[in-house]
Amino acid sequence: MKPRILISRSPESSGLYEAAVEKAGGEAMSFHCPDPEMDFDGLILAGGGDVDPSEFQEPNLGSRDIDGPRDKVELYLVNRCIYENKPILGICRGHQVVNIALGGNIYQDMNERLVEMHAQSADGKSKLHPVKVGVMTMLDTLYGGEMVVNSSHHQAIHKFGQGLYRTAWDENGVVEAMQHVSLPIWTVQFHPEQVTEEDGAADGQKVFDFFLEQCRKYCGD
């Protein structure tokens, strides 16, 4: 039986997450604001707009494109997965949602120089840049000590949530990935669903293959 992967996404999502899950051997169940009580084996929190800063007890200092109902559903889903020991993969916005759910916070708007390095280019394409990878981490297992990733964000991890630690970072220290010390939680700031080695970046499908392997272990298949 294929692991059932719940994908919580923005309304305008392009279908790349679903394709990556299915290529990795999973059944993609993809929704904007999914029913938080539905049955699934693993959770992917996809990209999208910013989290309402009230969720981490701050005034709005540059957050935009806020989707309050989605925030509530995803924060609940993270806590449900922790309670039920279900694997989580956070991507871009999802990377930040996981951190906030575990008590961390974010830089609401990076300084202009960093945004220029990490935001989309004028033609809408994500920028590529190298990152360092921590040893004995998920990304180290898949890619080794360095990799090239894509970026499209203006916010970044500030204080880490409980149990989370960085597993990849750029030359300025911007956190590009995290995982949990004991729970099946992995997050990336970049977009693995968008790139292959042909794009000049690390093959993002490996992240989904790894995640589905973990979901099989946890759901008993």
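Each remark here, short or long, concerns the structure printed above.
Calculation criteria
- Residues numbered from 1 in each chain as written.
- Predicted model: local features only at pLDDT ≥ 70, side-chain atom pairs only at ≥ 80, totals over all residues.
- Heavy atoms only, no water.
- Buried < 20%, exposed > 50% of the residue type's maximum accessible area, 1.4 Å probe, protein only.
- Helix = DSSP H or I, 4+ residues; strand = E, 2+ residues; numbered from the N terminus.
- Pairing = 2+ DSSP bridges.
- Right-handed = clockwise from strand over helix to strand, strands pointing away.
- Axes fitted to C-alpha atoms, helices over the stretch in contact; angles between N-to-C directions.
- Contact = heavy atoms within 4.5 Å.
- Phe/Tyr/Trp six-rings, centres within 6.5 Å; stacked < 30°, edge-to-face > 60°.
- Left-handed = near helix turned anticlockwise from the far one by under 90°.
- Nonpolar A, V, L, I, M, F, W, Y, C, P; charged D, E, K, R; others polar.
- Salt bridge = Lys/Arg side-chain N within 4 Å of Asp/Glu carboxyl O.

Novice: Any chance you could explain the pairing of strand β4 (residues 88-91) here in plain terms?
Specialist: Along a regular strand, successive side chains alternate from one face of the sheet to the other. The side-chain alternation of β4 yields two buried faces, one formed by Ile 88 and Gly 90 and the other by Leu 89 and Ile 91. Two elements, strand β3 (residues 42-45) and β4, share three bridges in a ladder whose sense is parallel. Looking at β4, one finds that Leu 45 is bridged to Gly 90. Crossover β3 to β4 through helix α2 (residues 68-84) is right-handed. The pairing of β4 with strand β11 (residues 185-188) spans four bridges and is parallel. Paired with Ile 91 across the strands is Val 188, a residue of β11.

Novice: Which parts of the structure should I look at to understand the sheet that holds strand β10 (residues 175-180)?
Specialist: Strand pairing within a sheet occurs via backbone hydrogen bonds; the two strands may be parallel or antiparallel. Taken together, nine strands build an open sheet; the order of strands is β2-β1-β3-β4-β11-β10-β9-β6-β7 and the sheet is mixed. Looking at strand neighbours, the two that pair on one side only are β2 (27-31) and β7 (146-151), the edges of this open sheet. In this sheet, neighbouring strand axes are inclined to one another by 25° on average, regardless of whether the strands run parallel or antiparallel. When strand β6 (residues 127-133) meets strand β9 (residues 164-169), the two strands line up antiparallel, connected through two bridges. Looking at β9, one finds that Lys 132 is bridged to Trp 169. Sitting on the sheet, α2 touches β1 (4-8), β3, β4 and β11, and the angle it makes with β3 is about 145°.

Novice: Is there a simple way to explain the environment of Gly 94 in this structure?
Specialist: Along the chain, the position of Gly 94 falls in helix α3 (residues 93-101). Residue contacts for Gly 94: discarding those within four places in its chain leaves Leu 45 and Ala 46.

Novice: I tried to follow the packing of aromatic side chains on my own but got confused; where do I start?
Specialist: This model, assessed by the stated rule, comprises two aromatic pairs. Seen in terms of ring centroids, Trp 186 and Phe 210 are 5.1 Å apart; in terms of plane orientation they differ by 90°. Their pairing is edge-to-face. Here Phe 210 lies in helix α6 (residues 205-219) and Trp 186 lies in strand β11, a separation of 24 residues in the sequence. By relative accessible area, Trp 186 is classed as buried at 8%. With centroids separated by 6.5 Å and ring planes inclined at 80°, the aromatic side chains of Trp 186 and Phe 211 adopt a geometry described as edge-to-face.

Novice: What am I meant to see in the packing of α2 against α3 here?
Specialist: Packed helices, taken two at a time, are described by the angle between their axes plus the distance between the axes. Interhelical geometry of α2 versus α3 gives an angle of 65° and a closest axis separation of 9 Å. In the packing of α2 onto α3, the handedness of the crossing is right-handed. Note on element contacts: α3 touches α2 through Arg 93, Val 97, Val 98, Ile 100 and Ala 101, opposite Arg 70, Asp 71, Glu 74, Leu 75, Val 78 and Asn 79. Grouping the constituent residues of the contact of α2 with α3 by class yields six nonpolar, one polar and four charged.

Novice: Explain the pattern of salt bridges here, please?
Specialist: Oppositely charged side chains are able to pair whenever their charged atoms sit close together. Under the counting rule described, the total for this entry stands at eleven salt bridges. When the shortest N-O distance is used, the salt bridge between Arg 4 and Asp 41 registers 3.3 Å. Taken together, the residues Arg 4 in strand β1 and Asp 41 in the loop between β2 and β3 connect sequence positions 37 residues apart. The residue Lys 217 makes a salt bridge to Glu 213 at a minimum N-O spacing of 4.0 Å. One end of the pair is Lys 217 and the other is Glu 213, both in helix α6 and four residues apart, which spans about a single turn. One network of salt bridges, with partners in common, ties together Arg 70, Asp 71, Glu 74 and Arg 93.

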